[in-house]
Amino acid sequence: MVTSKSKVLKGSDAIVECLIKEGVDTLFGYPGGAIMPLYDSLFDYQDDLKHILTRHEQGAIHAAQGYARVSKKVGVCLATSGPGATNLITGLADAYIDSTPLVCITGQVASHLLGTDAFQETDVLGVSTPVTKWNIQITKAAEIPEAISKAFFIARSGRPGPVLIDITKDAQFDTLNFKYSVCKSIRSYKPLPNINIERIKEAAELINKAARPMVLFGQGVILGQAKDEFKAFIEKAGIPAAWTILGVSAIPNEHPLNVGMLGMHGNYSTNKLTSECDVLIAVGMRFDDRVTGKVSTFAAQAKVIHLEIDPAEIDKIIKTDVAVLGDCKSSLSLLTDYVKAKEYPSWRNRFSELDQEEYTEVQKAELHPDPESKITMAEVIDCISKKTKGEAIIVTDVGQHQMIAHRYYNYKAWNSNVTSGGLGTMGFALPAAIGAKLGQPQKQVIAIIGDGGFQMTLQELGTIFQYNIPVKIVVLNNEFLGMVRQWQQLFFDKRYASTEMVNPDFQTIVKGYHIETELVEARESLQAAVDRFVDSKESRFLEVRVGKEDNVFPMVPTGSSVSDIRLK
């Protein structure tokens, strides 16, 4: 246990000292009355902590998410009481469902005013309880060190997640005899389940007897830092592996056993053959409804093995035959020892056959469209993928462009995908890209956004301008809320209710923030524009006008079996 020597500090100074001792060097936030003592203390620690002033508290928490996802550190954000705190709730919910480690510190009215409906008082604990891994309110300065130490331990351990610390204004002003101990354990909290070797053996036995095994992997492989262990497992076992959108970049797309994306807009082969495999091995994924489709028919013919760190996810949606609880880095290593080295040439060939069918029916037209037609989203993503050689960190918003980016960007670099998966938060990408660039400054970070989502958080262009953060931003502009419009076209008789966008001049807006910008409307201009965009050393904005009513296929209609996936 690491313990600091005792000294007398103000509560606000103690908060800053705690953050430094937890290794924090970057934090995101927005000041206000109830958090003002902490900001006053930050003024004296500018050489130790870099504070990024976002333009909205939601921008702060999404930036902290992007930072946490790529840096593998705990993201930290600050907000004041009342509306400042409630503006964090969307980001907390997003981080909670996507297992992103955050520590959020909110100011609160003075303790003697609690419960009086004082100015900017909100019961932030009550509001945030459903979307945090843990939360606490501090009313005395002496409580600060232990609470912050626990917060960081809880946020980063086991299945990661967000925590919130609400600190009254008087606790920030009061003094304490400060010393700090880094938390290593909490009684009754067991973040890492013990691995049962018998379950490992049972799983290996099913795998070794399989004729058509298939792996489904999610973000747990990335969160568990199981890059080498996962690769060793699938290569020894010879099993084709498909990914969720949060699992992409756990292995390169070009790996011969990587068979593509699962889910509603996933690849044709992966969805079809989920209904033909005889053993399904789920690794660090939670069987989200966008992956399973109709639950009663999902892999009903298969024996299901689930490697998972969170006991609450076992049998929650899909009944398992063998559940292996534990950190997948350890469980995969053990499982690899027990599986036999095999290959499945005829089974893997089935994926190739269906991939060719998808290329013929869908991808060929999207990548090589009629020269007289509008630019397709797939063309833009393919062009960016080739220019960056698949090595950039891609941050996507939510909608059609998100699905197209995951389908057509050729991810080669480990942990290079940042997106809002479970919550599907429009407006996520721009602030998350800011955090990602600060978390991995040596990497090219590209935000791919739709015209709808961009307008939800475009004020964060001001953050990019103020701090000169070289984020690259692509807006695929179809003048629609594209994914909702697609559903209206297919399932609501083309009744386009409130989905057509009358957009402002994005070029003028971006120029107002002194960011280099370019508009592409003609296909012959696309490649040169992408070259300038990627090669620039500064932040840069690229708007591409794409087809207004282009759809994303393949598609599993809602409520249908994944085997009912449509190519058109």
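Basis of the calculations
- Residues numbered from 1 in each chain as written.
- Predicted model: local features only at pLDDT ≥ 70, side-chain atom pairs only at ≥ 80, totals over all residues.
- Heavy atoms only, no water.
- Helix = DSSP H or I, 4+ residues; strand = E, 2+ residues; numbered from the N terminus.
- Rg over C-alpha atoms; globule rule 2.2 N^0.38 Å.
- Buried < 20%, exposed > 50% of the residue type's maximum accessible area, 1.4 Å probe, protein only.
- Areas by Shrake-Rupley, 256 points an atom, 1.4 Å probe, with all protein chains shown as cover.
- Lys, Arg positive; Asp, Glu negative; His and termini not counted.
- Charge placed at Lys NZ, Arg CZ, Asp CG, Glu CD.
- 1 Å grid on protein atoms, 1.4 Å probe; cavity = no way out; pocket = protein on both sides within 12 Å on 5 of 7 lines; lining within 4 Å.
- Points joined across faces, edges and corners; volume = space filled by probe spheres on them.
- Nonpolar A, V, L, I, M, F, W, Y, C, P; charged D, E, K, R; others polar.
- Domains from an automatic or database assignment.
- Contact = heavy atoms within 4.5 Å.
- Pairing = 2+ DSSP bridges.
- Axes fitted to C-alpha atoms, helices over the stretch in contact; angles between N-to-C directions.
- Phe/Tyr/Trp six-rings, centres within 6.5 Å; stacked < 30°, edge-to-face > 60°.
- Core = buried A, V, L, I, M, F, W, Y, C linked by side-chain atoms within 4.5 Å.
- Parallel < 35°, antiparallel > 145°, perpendicular 65-115°, else oblique.
- Left-handed = near helix turned anticlockwise from the far one by under 90°.

## Focus on the overall build of the chain
- Within the chain, the secondary structure is distributed over 23 helices and 20 strands.
- Here the chain has a C-alpha radius of gyration of 24 Å; the compact-globule value for 568 residues is 24 Å, and the two agree.
- Taken along its principal axes, the extent of the C-alpha atoms in the chain is 70 × 60 × 40 Å.
- Relative to its 568 residues, the chain shows a buried fraction of 60%.
- Accessible area of the chain: about 22,200 Å², with a carbon and sulfur share of 50%.
- Within the chain, one finds 60 positive and 67 negative side-chain charges whose respective centroids are separated by 5 Å.

## Here's the deal with empty space enclosed by the protein
- For the structure on display, the rule yields one cavity of 30 Å³ or more.
- For the largest cavity, the calculated volume is near 40 Å³.
- As for the largest cavity, its lining consists of Arg-69, Gln-219, Ile-222, Leu-246, Asn-415 and Asn-417.
- Looking at side-chain class alone, the lining of the largest cavity contains two nonpolar, three polar and one charged residues.

## Quick notes on the layout of surface pockets
- Here the second largest pocket is characterised by a volume of approximately 480 Å³.
- Around the second largest pocket, the lining is made up of 22 residues, and of these Asn-253, Asn-267, Gln-363, Arg-407 and Tyr-408 lie nearest the centre.
- Sorting the residues of the lining of the second largest pocket by element identifies strand S11 (258-261), helix H15 (345-367), helix H16 (377-388) and helix H17 (400-408) as the ones contributing at least two each.
- Ranked by residues supplied to the lining of the second largest pocket, first place goes to S11 with four residues.
- In terms of residue class, the lining of the second largest pocket is made up of six nonpolar, nine polar and seven charged.
- Here the lining of the second largest pocket gathers at least three residues from each of two domains, domain 2 (197-350) and domain 3 (375-545).

## Quick look at the environment of Ser-539
- Tracing the chain through its elements places Ser-539 in the loop between helix H23 (526-535) and strand S20 (540-545).
- Using a relative accessible area of 8% as the deciding quantity, one classes Ser-539 as buried.
- Counting along the chain gives 78 residues from Ser-539 to Leu-461, while the straight-line C-alpha distance between them is 9.8 Å.
- Setting aside its immediate chain neighbours within four residues, Ser-539 contacts Ile-464, Ile-469, Pro-470, Val-471, Ile-515 and Glu-516.

## Side note on the sheet that holds strand S17 (residues 445-450)
- In space, the six strands of this open sheet follow the order S16-S15-S17-S18-S20-S19, with parallel pairing throughout. Each end of this open sheet is capped by a strand with a single partner; those strands are strand S16 (417-419) and strand S19 (516-520). Each adjacent strand pair in this sheet contributes to an overall mean axis angle of 15°, direction not counted.
- With four bridges joining them, strand S15 (residues 393-396) and S17 adopt parallel strand pairing. Paired with Ile-394 across the strands is Ile-446, a residue of S17.

## A few points about the packing of aromatic side chains
- As enumerated under the stated definition, the model contains eleven aromatic pairs in all.
- Both rings, one in Phe-178 and one in Tyr-180, keep their centres 6.4 Å apart while their planes meet at 15°; by these two values the pair is stacked. Across this residue pair, the class does not change: Phe-178 and Tyr-180 are buried.
- Judged by centre distance (4.8 Å) and plane angle (55°), the rings of Phe-217 and Phe-230 are tilted.

## Points about the sheet that holds strand S9 (residues 213-217)
- Taken in spatial order, the six strands line up as S11-S10-S9-S12-S13-S14 in an open sheet, and their pairing is parallel. The sheet is open, and its two borders are formed by S11 and strand S14 (322-325), each paired with just one other strand. Geometrically, the sheet is characterised by an average inter-axis angle of 20° between neighbouring strands, direction not taken into account.
- Bridge analysis of strand S12 (residues 279-283) against strand S13 (residues 303-308) gives five bridges, and the strand direction is parallel. Its bridge partner lying in S13, Ala-282 is registered against His-306.

## With respect to helix H18 (residues 429-439)
- For H18, the buried fraction is high: eleven of the eleven residues fall into the buried class.
- All buried positions along H18 are accounted for by Ala-429, Leu-430, Pro-431, Ala-432, Ala-433, Ile-434, Gly-435, Ala-436, Lys-437, Leu-438 and Gly-439.

## Overview of unusual backbone geometry
- A cis geometry characterises the amide bond from Phe-553 onward to Pro-554, with omega recorded as 0°.
- Looking at the element boundaries, Pro-554 is found in the segment after S20.
- If you check the backbone angles, Gln-120 has positive phi at about 60° while not being a glycine.
- Relative to the helices and strands, Gln-120 resides in the loop between strand S5 (102-108) and helix H6 (124-128).

## Here's the deal with the nonpolar core
- Counting residues in hydrophobic clusters, the biggest one holds 94 residues, and the most contacted among them are Val-215, Phe-217, Phe-230, Phe-233 and Val-283.
- Here this core takes six residues from H16, the largest share from any one element.
- When residues of this core are assigned to domains, at least three map to each of domain 2 (197-350) and domain 3 (375-545).
- If near-sequence neighbours (up to four positions away) are discounted, Val-215 is found in contact with Phe-230, Phe-233, Ile-234, Ile-239, Pro-240, Ala-241, Ala-242, Ile-281 and Val-283.
- By size, the runner-up hydrophobic cluster in this structure holds 49 residues, among which are Ala-64, Val-70, Val-131 and Phe-506.

## Focus: the packing of helix H1 (residues 11-21) against helix H7 (residues 144-156)
- Between H1 and H7, the shortest axis-to-axis distance is 10 Å and the interhelical angle comes to 30°. The orientation of H1 relative to H7 falls into the category roughly parallel. Crossing hand, H1 versus H7: right-handed. On H7, the residues touching Gly-11, Ala-14, Ile-15, Cys-18 and Leu-19 of H1 are Ile-144, Pro-145, Ile-148 and Phe-152.

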